[in-house]
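The lines below spell out each chain.
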Amino acid sequence: ILLFTMVDSQYFLPNDIGISALDCTEAFRLLSPREKLYAHYLSRSAWYGGLAVLLQTSPESASIFVLLQRLFRKQPAAQLESMATAAGLSPEEYQAFLVYAAGLYANMGNYKSFGDTKFIPNLPKEKLKALVWQSQAFQDSPSEMEALWDSCSTLLFSLEDQQKQLGLGDKGVTTYFSGNCCLEDAELAQKFLDSKNLSAYNTRLFKNKSEEGKASYEVRLASAVQKGESAMSYLKSYDCVFMVSRGDYAYLMKKVSENLEKAKNHAANENQKRMLEEYAQSFTFGSIEAHKEGSRFWIKDKGPIVESYIGFIESYRDPFGSRGEFEGFVAVVNKAMSERFAKLVSSAEVLLPELPWPKDFEKDRFLLPDFTSLDVLTFAGSGIPAGINIPNYDDIRQSEGFKNVSLGNVLAVAYATQKDKLTFLDEEDKDMYIKWKGPSFEVQVGLHELLGHGSGKLFVQDEKGNFNFEQDNVRNPETGEQITTWYKGNETWDSKFSTISCSYEECRAECVGLYLCLNKHVLSIFGHEDEDAKEVVYINWLNMVRAGLLGLEFFTPESKSWRQAHMQARFVILRVLLEAGEGLVNLKESTGKDGRPDALITLDRSKVHTVGKAAIERFLCKLQVIKSTADVEGGRALYEGYSAVSDTGSHNFLRLRETVLLRKEARKMFVQANTRVKGHVELVEYEGSAAGLIRSFTERFADDAEEVEAHLLELNKRDAPCWC
């Protein structure tokens, strides 16, 4: 019984979950009136687009969102509480409902953005129904509210095996593909997209009933325009038909474009104006080429006071690894922190040759990027990262450049840790860990984003047969032999390595961070010298191996699949460092003071610069060579081998996973401010609580809530038959 309860609890958000307000008061105050208007309209654009994530996550997410919006628009959390009491909910059950609602808003759906597991309300279904029936929203519109409840209540609480996590086919739930699609369909669609030089980033795939014995597919582009060019294509070698259509999330894309046009009137320079024009084109017509062009202007817009990016960006949650989830952020530069990152950028060309691969495997020239620390004003999407390296378009990153950002006000609250909640560490390490976790993570994020994602060359033969490397001279440092594989034509890293591409690349970037943080010059850039520098290195490496252990929470034994790219990457690094031996890392199972299973992970600091460095050096070189040479087979064998979680070998990782689940701490949620124009732009802030998070969302769409909700339900209804 204990085991059932323990595992089941991963599908609830705990009542005491950490919820923090993202503080951007000072950063916003320092903006000029024009910059505030620019930030306001960009934020509106991001928030409208962010609603698409509901439709990208699960069949029921949009309906649940509308149900919650209608409840809380009529009655704020404090008022609704008396209805909850009348409906028979205890204070704990009402708090559980508020936490669930906050979780749905924070994740933009009912699956965790970090880990992709479903979460359900931690109270009986009958009690939640009674609360809905007691509410003012129900009294005002009983038939509408009942229909809304009926449309989503079953899936809202369901924990059938397939519904417990996101995934393709029988492995989970996805709305990137219709319910009748499997991995083979995804692979076939990728071949079609490659043949037409189309990107998958802003698409979804719908498989229709066969026509004349041929499979028929619709590739749907996200765009405001619903009509226009549609291409019927016949893939002869595979005996199937593809149609490309427009108009996915049409209403939302229209709102995104309209607000980008308004932001353009307050842009600071020509690059910003051209960038926003191209973005608006992209969201209007579904053109990734226009988004790429906008990204080129964005790269040229060096050191803006108000920084932003918007689009279908990260492909972590597409089970195939090619389709982007919508996100948009608006942030203000933190000048003091940015100076440190600028020094790191100026040292990049000295640090790149330190990486453990031959110079042929490095970009021909390093394009010095912007690297700034930002305080987030708005981050719309399913979650907020600590750092970002964008754009994700390989062709632009390789030849034109990129930008790095570290999100300072996110780092400030996301990684603050209480000693009594620190698991799996020796008591002697805990105080040091709390003291140095923030500074060490800042170093790791900087190296990971700039020199991790920013390094390494892809060997390409273009459509005209030209190579971007000396085919006859470049040797594989692992074998000493000539290179025999490379990327051809329109092939990209994502399209070639598909399901492993995201996690593999995060692993490579994390390894670069571990490797280069051993460099004294790097540490001094961040203000760490002598003994302090040693502590930063030790805690950075200790944090990585602990994160590898914590990563087991995100592995699903039933499907043998990982649900979070970064945590899989950290587990792989833990395996590599355990394999290095010589007492570098020790991982032991134990029994805690509470009598329940526990574990202890330790790192021998005297061996980090020797055994540790050598192990990461070897592994990092392998990762880069495989990536450069498009060696998919070798990459899968290596990465999936280290990603395997079993109960055999020197460590019983399946049993350790149960221990990790037993002692896990829920990931924090963030409350973000709103902006509104009343003659001038006002910043509206909310308290760091479930009620504050809920209120921020009900006020976010205050002017056109009914219209937005009606369109969301219409978009959801249109696709409902596709998920069966």
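Positions within a chain are numbered from 1, following the residues in the order the chain's sequence is written. The model is predicted, so local features are restricted to residues of pLDDT at least 70 and side-chain atom pairs to those at 80 or more, both for listing and for counting; the totals for chains, interfaces and linings are taken over all residues. Side-chain metrics rest on all non-hydrogen atoms present in the structure, leaving aside hydrogens and water.

**Regarding the UniProt feature "binding site: Zn(2+)" (unreviewed entry) in the protein**
Condition: UniProt positions are given in the numbering used here, feature names are shortened, and annotations may be inferred rather than shown by experiment. A run of H or I in DSSP becomes a helix once it reaches four residues, and a run of E becomes a strand once it reaches two; helices and strands are each numbered from the N terminus. Two residues qualify as a contact provided that any one of their heavy atoms is within 4.5 Å of a heavy atom in the partner residue.
The sites that UniProt annotates as "binding site: Zn(2+)" (unreviewed entry) are His448, His453 and Glu506. Spanning 59 residues, the named residues nonetheless gather at one spot, since no C-alpha pair among them exceeds 8.3 Å. For histidine 448, the position within the fold is in helix H19 (residues 427-452). Histidine 448 has contacts with His453, Glu506, Ala509 and Glu510, leaving out every residue within four places of it along the chain.

**Topic: the state of the cysteines**
To be explicit about the condition: The criterion for a disulfide is a pair of cysteine sulfur atoms lying within 2.5 Å. Burial classes follow relative accessibility: with a 1.4 Å probe on protein chains only, a residue under 20% of its type's maximum area counts as buried, one over 50% as exposed, and anything between as partly exposed.
Scanning the entire structure with this criterion turns up 0 disulfides. Unpaired in this structure, cysteine 240 has its nearest cysteine sulfur neighbour in cysteine 181, at a distance of 11 Å. Classification of cysteine 240 by relative accessible area gives buried; the value is 0%. Cysteine 511 takes part in no disulfide bond, and the closest cysteine sulfur to it belongs to cysteine 507, at a distance of 4.4 Å.

**Some thoughts on helix H6 (residues 77-86)**
Because an α-helix completes one turn every 3.6 residues, residues spaced three or four positions apart along the sequence face the same direction. Worth spelling out the cut-off: Summarising the geometry, the arc corresponds to the directions from the helix axis toward the C-beta atoms.
Within H6, the full set of buried residues consists of Ala77, Leu80 and Ala84. Along the long axis of H6, the arc covered by the buried residues comes to 60°, so they all point the same way. Facing away from the buried side of H6 by more than 90 degrees, the exposed set consists of Ala78, Thr85 and Ala86. Packed against the buried residues of H6 are helix H5 (61-74), helix H7 (91-107), helix H8 (125-134) and helix H27 (690-700). Trailing H6 by a residue or two, glycine 88 shows a phi angle of about 95°, which is positive.

**Looking at the packing of aromatic side chains**
Here is the rule: Aromatic rings from Phe, Tyr and Trp, with only the six-membered ring used for Trp, were paired whenever their centres fell within 6.5 Å, and each pair was classed as stacked if the ring planes differed by under 30 degrees, edge-to-face if by over 60, and tilted otherwise. For a ring to carry a charge above it, either NZ of a lysine or CZ of an arginine must fall within 6 Å of the ring centroid while also lying within 35 degrees of the normal to the ring plane.
Across all of its chains, the model carries 36 aromatic pairs by this definition. Relative to tryptophan 723, the ring of phenylalanine 206 lies with its centre 5.9 Å away and its plane at 45°, an arrangement referred to as tilted. In this pair, phenylalanine 206 sits in strand E2 (residues 203-211) while tryptophan 723 sits in the segment after helix H28 (705-719), placing the two residues 517 residues apart along the sequence. Assigned by exposure class, phenylalanine 206 and tryptophan 723 land together as buried. Just above the ring of phenylalanine 206 sits the side chain of arginine 220; from NZ or CZ to the centre is 4.0 Å.

**A short note on unusual backbone geometry**
Following isoleucine 390, the chain continues to proline 391 via a peptide bond in cis, the omega torsion being 5°. Here proline 391 is to be found in the loop between strand E9 (387-390) and helix H17 (394-399). Residues other than glycine seldom take positive phi values, yet aspartate 530 does so here, at roughly 50°. Tracing the backbone shows aspartate 530 in helix H22 (residues 530-550). Judged by relative accessible area, aspartate 530 falls into the exposed class, the value being 63%. The phi dihedral of alanine 630 falls on the positive side, at around 55°, and the residue is not glycine.

**A closer look at the UniProt feature "active site" (unreviewed entry) in the protein**
Under the feature "active site" (unreviewed entry), the UniProt entry names Glu449. Non-local contacts of glutamate 449, meaning those with residues more than four positions away in its chain, are made with Phe371, Gly387, Ile388, Asn389, Asn404 and Gly454.

**Quick look at H27**
The element H27 is largely enclosed, with a buried count of 8 among its 11 residues. Against strand E1 (19-21), helix H3 (33-50), H5, H7, strand E17 (669-671) and strand E18 (674-678) lie the buried residues of H27.

**A look at the nonpolar core**
Selection rule: The nonpolar core is taken to be a set of buried Ala, Val, Leu, Ile, Met, Phe, Trp, Tyr and Cys residues, with the residues joined through side-chain atoms within 4.5 Å.
Core analysis: the largest hydrophobic core is formed by 113 residues, its most contacted members being Phe65, Phe72, Tyr94, Phe97, Leu252 and Met253. Per-element tally for this core: the top contributor is H7, with 9 residues. Sequence-distant contacts of methionine 253, that is, excluding residues within four places in its chain, are made with Ala52, Ala222, Ser223, Ala224, Asp248, Phe283, Phe312 and Phe326.

**A word on the pattern of salt bridges**
What counts here: Any carboxyl oxygen of Asp or Glu within 4 Å of a side-chain nitrogen of Lys or Arg constitutes a salt bridge here.
For the coordinates displayed, the defined rule picks out 49 salt bridges. The shortest N-O distance in the salt bridge between glutamate 144 and arginine 70 comes to 3.4 Å. Pair noted here: glutamate 144 is in helix H10 (residues 142-157) and arginine 70 is in helix H5, with a separation of 74 residues, a long-range link. Exposure remark for arginine 70: the relative accessible area of 16% places this residue in the buried category. One salt bridge connects glutamate 325 with arginine 317, and the closest N-O pair in it is separated by 3.0 Å. Across the pair, arginine 317 and glutamate 325 agree in class, each one buried.

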